[in-house]
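Geometric and topological summary
Here is how the chains run, residue by residue.
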Amino acid sequence: MTGRNVRIIFEREIRDQLRDRRTLMMVAVLPVLLYPLLGVSFFQISQVMRPKPSRILVIGAQELGDPPLFEEGRFAAHLFRGPEEARQLEVEFYTPEKAAALGIPADQADDDAAVAAAVLRTRQFDAVLRFPPLFARRLEAFREEVRRAIERWRLERSAEGEGPGQAESAPSGAVALIAPEIPHPQILFSTANERSTEAGRRLNEVLMQWREQVGAANLSAGGLPPQAAKPFRVQESDVAQDSGFRGAALWSKIMPVLLVVWALTGAFYPAVDLCAGEKERGTLETLLSSPAERIEVVLGKLGAVMVFSMATAVLNLVSMGLTGWLALGNLPLFAPPPWSVLWLIPALIPASAVFSSLALGIAAFARSTKEGQYYLLPLLFLTLPLVGVPVARGLDLTLGTSLVPITGLVLLLKALIEGEAAQAWPFVFPVAAVTLGGCYYAIRWAALQFNNEQVLFRDADRFDLRLWLRRLFLERRDVPSPALAVACGILILFVRFVLTNIFSRWPIQADLVRLAVITQMAVIAAPVLLMTLLFARSVTRTWRLHVPSWRGMTGAILLAFLLQPTATLLQQTVMRLYPLDPLLREYLLGLIGAGSNPWLIFLAFALLPAVCEETAFRGFILSGLRQGVSARNAVVFSAIFFGLSHTILQQSITAFAAGLVLGTIALVTRSLWPCIAFHAIHNSLTLGTGMLASVLTQDWGRYEGLRPGVAAAVRRLGSFSEDGFAYHPAVVAVSFFLAAWALLWMYAPSRLTAPGDSDIEPPLEDDDEDDE
């Protein structure tokens, strides 16, 4: 590879894109004009958009007394913060004589509930304020009773010779002795109507203010100052250093999201034109036949796509920042921080590299420009949750969140823009490592796409679903195709999603053991069995039911025991990075129950998952994927499906790691039985150590006295903690190296093809050729 060829291809692609008016419109013209036009449009629309007043129908408000709630046919002005707020509520008082005008039948004119329901249903009024019968008289009686009770309490305390300081606590005790029935006004509104919901909110604020004034009047009637109901006031103070920090909270949620979205959008359209567009123009063959290597072509096109991706993001951010500064600069809370650009530019380079590589690989897969544009929406849908959910939910930047792709970058930028650089610096390295790792694998995937002739020059014939299904049924092979393997994984995830929502929506009386059995049979076993019967001719080859060698079975059993300390350490690390929700933990413990049979627990969580899940993921899915991709990629993709099939996030991460080991065992031994043995032993050890840790942690001192030898051996292996039994680092290291030796010991005879398996998959050392 030479830099000269990369530079020539890079300059060629830049020139071609600068001649394309569509690219210039998307990259330069649209960002420059979009935000000013949006700002002008918003400013003009805001001039004609004014909050409309809410129409309130008041029922049963006669002679409410002091303090007044109504004055001159409106709510009293002292209940609002200003005249503009007071004009937002328009009042009309109901009388039976107005029933006909409101369209209410004569027989329902005296029914307050029917009247309120009728006017809200027809939307003649936005809300209804209904006072119960004799509300004013009952309220005055309550006030008089409070005053008499306080007077009686004072006379009794004076007769007993108590001092004035002790009498100050009289009101609460005196009123507690009365406890009369207090009337309650009723606000009626409809949540199906936004105007009605807003009217209910405004009306509630007014009544809360009036209630405080009524309470103050009651205290005054008893001879107490109104301040007795409010002994203190809360003062608020903004400690932001300057106006820039005040607007940082808003812009820290907007700028990182727009950076990622526009970096993706700006990379996709040039990539589609540079790959799928060249296929349509017939110039891709000429480029590939040049002396330049494929990796040089990829790097040259990638550089050009990155330039346009960064230019799109920068122009959008600059245009948005200038528009916000010009339009909202006089408002401190909305002015963008001046230092935010300093943090966005360094983050833009790796983000553009990731999205440019993904867009280039997808564009190489597309057969036409039109097809390539269709792929933008799924990629955008996969990216938006990683960007929007962390900002919307207010997640904090921790070690766990910094290891999530895209999400860690967004949270890091958010913290830096908010002025929390000192707290964010420790997480720069993990975010950079994850982002650069994503860049490497994305670029490598794009290069693999260009090295695959079947991808670059796919047939552009139209897809016929009927012919495709007919071919599946009539031309079945011994093992499924990669497409059927992916379809099986998607089907399992879909069934799990449906059943999970059914169990959460309709409470089913079943403990965790029964739910686990139902899940394994319905989610895992049923789809795999159905697809095997429909699309595979050989169950033995599809599920890898060959008899393993003694070395393969023995090695799998040894690996299950030797990797247990490493698996325990991984599980505890994941739980510390992503703590389990306390409510979810209590729910799971409640499902297990104290009286559950241990044998049933081991059967439901160790043996049954080992059979069902291995048949699905290391049987059908791995065998199907192995027909189209390398052994390494097949193991990774099957492990991804295996991890996603677990509902809980923490369990999905550990399941993915276990899936990598199980997939390796399946390819090394060329049999499913060692995988089932490893899976069953691994789950049994995890359940057993967890149960023993929960029992021994509570009564470790007594057990140590009864079994000192066993307790000493346990202390040599590890110690008990809040997360369970933690192995010593030396034990983890030694067991891990012994497990690696066991795997190499298993791998030695696997170079010889197993009986009947030579036509299923090539040997493991052909991975590089498969990738090409």
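Owing to the predicted nature of the structure, the values given are computational and were not obtained by experimental measurement. (Residues numbered from 1 in each chain as written. Predicted model: local features only at pLDDT ≥ 70, side-chain atom pairs only at ≥ 80, totals over all residues. Heavy atoms only, no water.)

**Remarks on the overall build of the chain**
Scanning the chain from N- to C-terminus turns up 33 helices and 8 strands. Sorting the 772 residues of the chain into buried and exposed places 41% on the buried side. Considering only intrachain contacts with a sequence separation of at least 6, the fraction spanning at least 24 residues in the chain is 78%. Surface accessibility of the chain: about 42300 Å² in total, with carbon and sulfur atoms responsible for 64%. (Helix = DSSP H or I, 4+ residues; strand = E, 2+ residues; numbered from the N terminus. Buried < 20%, exposed > 50% of the residue type's maximum accessible area, 1.4 Å probe, protein only. Contact = heavy atoms within 4.5 Å. Areas by Shrake-Rupley, 256 points an atom, 1.4 Å probe, with all protein chains shown as cover.)

**Details of helix H1 (residues 3-18)**
Over its 16 residues, H1 extends 22 Å from the first C-alpha to the last, a length consistent with the 22 Å expected when each residue adds 1.5 Å. Within the span of H1, buried status applies to Val-6, Ile-9, Glu-13, Ile-14 and Gln-17. The arc enclosing the buried residues of H1, seen along the axis, measures out at 135°, which places them on a common side. (Expected span 1.5 Å × (residues − 1). Arc of directions from axis to C-beta.)

**Quick word on the environment of Arg-670**
Inspection of the secondary structure puts Arg-670 in the loop between helix H28 (649-669) and helix H29 (673-698). You can call Arg-670 buried: its relative accessible area is 4%. Taking the C-alpha atoms as reference points, Arg-670 and Val-547, separated by 123 residues in sequence, lie 9.0 Å from one another.

**Here's the deal with unusual backbone geometry**
In the Ramachandran plot, Arg-544 falls in the positive-phi region, its phi being about 55° despite a non-glycine side chain. Structurally, Arg-544 is set in the loop between helix H22 (539-542) and helix H23 (550-562). On the basis of relative accessibility, which here comes to 2%, the residue Arg-544 falls in the buried class. With a phi close to 55°, Arg-670 is a non-glycine residue in the positive phi region.

**Concerning the sheet that holds strand S1 (residues 54-59)**
The mixed open sheet is built from 4 strands, whose spatial order is S4-S1-S5-S6. Sheet topology places strand S4 (89-93) and strand S6 (186-188) at the edges, where each strand pairs with a single neighbour. On average, each strand axis in the sheet is inclined to that of its neighbour by 25°, with strand direction left out of account. Each of S1, strand S5 (127-130) and S6 touches helix H4 (residues 112-121); the most contacted strand, S5, lies at about 165° to it. (Pairing = 2+ DSSP bridges. Axes fitted to C-alpha atoms, helices over the stretch in contact; angles between N-to-C directions.)

**Some thoughts on the pattern of salt bridges**
The tally for this structure, following the rule as stated, stands at 17 salt bridges. When the shortest N-O distance is used, the salt bridge between Arg-12 and Glu-278 registers 3.3 Å. Of this pair, Arg-12 sits in helix H1 while Glu-278 sits in helix H8 (residues 243-281); the two residues are 266 residues apart in sequence, bridging distant segments of the chain. Judged by relative accessible area, which is 23%, Arg-12 ranks as partly exposed. Given a relative accessible area of 1%, Glu-278 falls into the buried group. Linking Arg-87 and Glu-84 is a salt bridge whose minimum nitrogen-to-oxygen distance equals 2.7 Å. (Salt bridge = Lys/Arg side-chain N within 4 Å of Asp/Glu carboxyl O.)

**Observations regarding the nonpolar core**
Note on soluble globular proteins: their nonpolar side chains tend to be buried together. In terms of nonpolar packing, the biggest core is built from 68 residues, with Leu-259, Phe-268, Leu-344, Leu-360, Leu-397 and Phe-450 touching the most fellow members. Among the elements that take part in this core, H8 stands out by supplying 14 residues, more than any other. Listed in part, the 43 residues of the second largest apolar core include Val-523, Phe-535, Ala-634 and Ala-666. (Core = buried A, V, L, I, M, F, W, Y, C linked by side-chain atoms within 4.5 Å.)

**Details of the confidence of the model for the chain**
A residue-level look at the chain finds 78% of positions with pLDDT of 70 or above and a mean pLDDT of 78. A low-confidence stretch, residues 751-772 stays under pLDDT 50, and its non-local contacts, those more than four residues away or across chains, total 40 contacts. (pLDDT = per-residue confidence, 0-100.)

**Some details on helix H24 (residues 564-577)**
With 14 residues, H24 extends 20 Å between its outermost C-alpha atoms, agreeing within 8% with the 20 Å of an ideal straight helix rising 1.5 Å per residue. Within the span of H24, buried status applies to Gln-564, Pro-565, Thr-568, Gln-572 and Val-574.

**Details of a nonpolar patch on the surface**
A surface patch of nonpolar side chains, amounting to about 510 Å² of accessible area, comprises Met-25, Val-29, Leu-30, Val-32, Leu-33 and Leu-37. Turning to its location among the elements, Val-32 is positioned in helix H2 (residues 21-48). (Patch = residues over 30% accessible without salt bridge, like charges linked within 9 Å, V, L, I, M, F, W, Y side chains within 5 Å.)

**Some thoughts on the packing of helix H27 (residues 631-644) against H28**
Relative to each other, H27 and H28 sit at 140°, their axes nearing to 8 Å. Judged by the twist between their axes, the crossing of H27 over H28 is right-handed. Residues Ala-631, Val-635, Val-636, Ala-639, Ile-640, Phe-642 and Gly-643 of H27 pack against Ser-652, Ala-655, Phe-656, Ala-658, Gly-659, Leu-660, Leu-662, Gly-663, Thr-664 and Leu-667 of H28. For the contact of H27 with H28, the class distribution of residues is 12 nonpolar, 5 polar and no charged. (Left-handed = near helix turned anticlockwise from the far one by under 90°. Nonpolar A, V, L, I, M, F, W, Y, C, P; charged D, E, K, R; others polar.)

**Quick look at the environment of Glu-13**
Among the structural elements, Glu-13 can be located in helix H1. On a C-alpha basis, the gap between Glu-13 and Lys-301 in space is 6.5 Å, while along the polypeptide they are 288 residues apart. In this structure Glu-13 touches Leu-274, Glu-278, Leu-287, Lys-301 and Ala-304, once residues within four positions along its chain are discounted.

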